[in-house]
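# Structural characterization, general
Here is how the chains run, residue by residue.
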Amino acid sequence: MLSDRIDELFSDQLAGWELAGINYRNLSMVRTKRLSFGGFEVLVQFNPARITSSSAKVDDSSVKQRPCFLCADNRPKEQKGIPFGDDLIILVNPFPIFRRHLTIPSCSHSDQKISDSFGKMLLLAQAMPSFTVFYNGPQSGASAPDHLHFQAGNIGFMPVEMDFTGGKHARLVSSVPGLEIWKWEGYLRGIITLRGNDGEKLAGVFGKLFESLSHRQPERPEPMMNILSGYSSDEWTIHIFPRKQHRPRQFFSSGDDRLLISPAAVDLGGVLITPREEDYEKITGEDVIDIFSQVCFNDNEIEALVSEII
Ligand SMILES: [Zn+2]
């Protein structure tokens, strides 16, 4: 079983790789606070080990000038992996947000692109049902936009997972055998959720969504988005967060309103990561509303998108 091999990988790496051992031990001490919004919560996690990722320079020239940290030749020599499929390798992420946090890069150095790798993500999610597999677009939080990779974290950590089954904010808008389409309302960030057991239908509707988003952002390498994928009771649940902006205004501010937050899949899943303590202390519910509204689609924009794909 893959899950047993992943458990062994964690035991092995946390014992034998000092950086991973220290960072996973420190994770048990990270501080978390809860912000409440009518009927749901967003958690804020103070996690100093994430500073490199949150502040990563991902413009073309910065990326070209650094050695790619996901290529096998440049990875830490202590890092071991489990091959998956034709060209993926499952690695322990040494800078965890989750109690169990994996990075899953391609074995070859090729651009971060979901259009040809959506099927791989489905297979991964299916093979590791105790994890949520996630994807950050090249301009939506991935710190290696030049190297295809997914990440995965233990299920039950991100509020969006429970809020979906709680059924208060997601509404079913279309249902055919093997595929349901849901849209979210009143949740501060627009989400479209696909659920079903028919991988081809899921890929088909994802293709339509991708196409519709591409028309809105023709100048981008791919439309901006983050994706969370889970698998339970023989079906996939895929939350798609279309994006309007990479980083919010507060990220670039030099004044008092500076907040070093670079939203990616986990943040939009409801766990905002603040690598700096001052940001953790001062961030308020109003800031969260403002940040989500800058980087995500609003309810009307989601409505328009859904009407194009059903
Ligand atoms: Zn690479």
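Okay, so let's go over this structure. The numbering scheme is per chain: residues are counted from 1 as the chain's sequence reads. Only residues with pLDDT of 70 or above have their local features reported here, since the model is predicted, and side-chain atom pairs are shown and tallied only from 80 upward, although totals for entire chains, interfaces and linings are computed over all residues.

### A closer look at the pairing of strand E9 (residues 179-184)
Here six bridges tie strand E8 (residues 170-176) to E9, and the two strands are oriented antiparallel to one another. Residue Leu172 lies in a different strand from E9, and its bridge partner there is Trp182. Here, strands pair whenever DSSP counts at least two bridges between them. Only DSSP runs of H or I covering at least 4 residues are called helices, and only runs of E covering at least 2 are called strands; the numbering of each starts at the N terminus. Counting the residues between successive antiparallel strands, the hairpin from E8 to E9 contains two residues, one of them, Gly178, with a positive phi of roughly 90°.

### Quick look at unusual backbone geometry
Residue Leu188 is not a glycine yet carries a positive backbone phi of 75°. Position of Leu188 relative to the elements: it lies in the loop between E9 and strand E10 (192-196). Partly exposed residues are those falling between the two cut-offs: more than 12 but fewer than 20 other C-beta atoms within 10 Å of their own, whereas 20 or more means buried and 12 or fewer means exposed, with C-beta atoms placed from the backbone. What makes Leu188 buried here is the crowd of 21 C-beta atoms within 10 Å.

### Describing helix H12 (residues 299-309)
Residues of H12 that are buried include every one of Ile302, Leu305 and Ile309, and no others. Along the axis of H12, the buried positions cluster into a sector of 65°, meaning they face one direction only. For H12, the exposed residues set more than 90 degrees away from the buried face come down to Asn300, Ala304 and Ser307. Remark: residues whose backbone-derived C-beta atoms lie within 7 Å of one another are considered to be in contact. In this structure, the buried residues of H12 make contact with E9, E10, helix H7 (199-216) and strand E12 (235-242). The directions considered for the arc are those from the helix axis to the C-beta atoms.

### Some remarks on the nonpolar core
What makes a nonpolar core is a set of buried Ala, Val, Leu, Ile, Met, Phe, Trp, Tyr and Cys residues, with links drawn between C-beta atoms within 7 Å. Ile104, Val133 and Ile227 are the most contacted members of the largest nonpolar core, which has 74 residues in total. Other than its neighbours up to four places away in sequence, Ile227 contacts Ile114, Phe134, Tyr135, Ile238, His239, Ile240 and Ala265.

### Let's talk about the sheet that holds E9
Ordered by their spatial adjacency, 10 strands build an open sheet running E3-E4-E5-E7-E6-E11-E12-E10-E9-E8, and the pairing between neighbours is antiparallel. With one partner strand each, in any of the chains shown, strand E3 (81-84) and E8 form the two edges of the open sheet. The average angle at which neighbouring strand axes cross in this sheet is 20°, direction not considered. Pairing geometry for E3 and strand E4 (residues 88-92), over four bridges, is antiparallel. Bridge assignment links Phe84 to a residue of E4, and that residue is Leu88. In the packing of helix H1 (residues 2-16) onto the sheet, contacts are made with E3 and E4, and the angle to E4 comes to roughly 45°. Against the sheet, H12 engages E8, E9, E10 and E12, with an angle of about 160° to E9. Between N-to-C directions, angles span 0 to 180 degrees; the directions come from axes that are lines fitted to C-alpha atoms, helices contributing only their stretch in contact.

### Some words on the sheet that holds strand E13 (residues 271-274)
With respect to topology, three strands assemble into an open sheet ordered E1-E2-E13, the strand pairing being mixed. Every interior strand has two partners, whereas the edge strands, strand E1 (31-37) and E13, have only one. Ignoring which end each strand starts from, the neighbouring axes of this sheet average 25° apart. As judged from the seven bridges shared by E1 and strand E2 (residues 40-46), these two strands associate in the antiparallel manner. Among the inter-strand pairings, Arg31 is bridged to a residue of E2, identified as Phe46.

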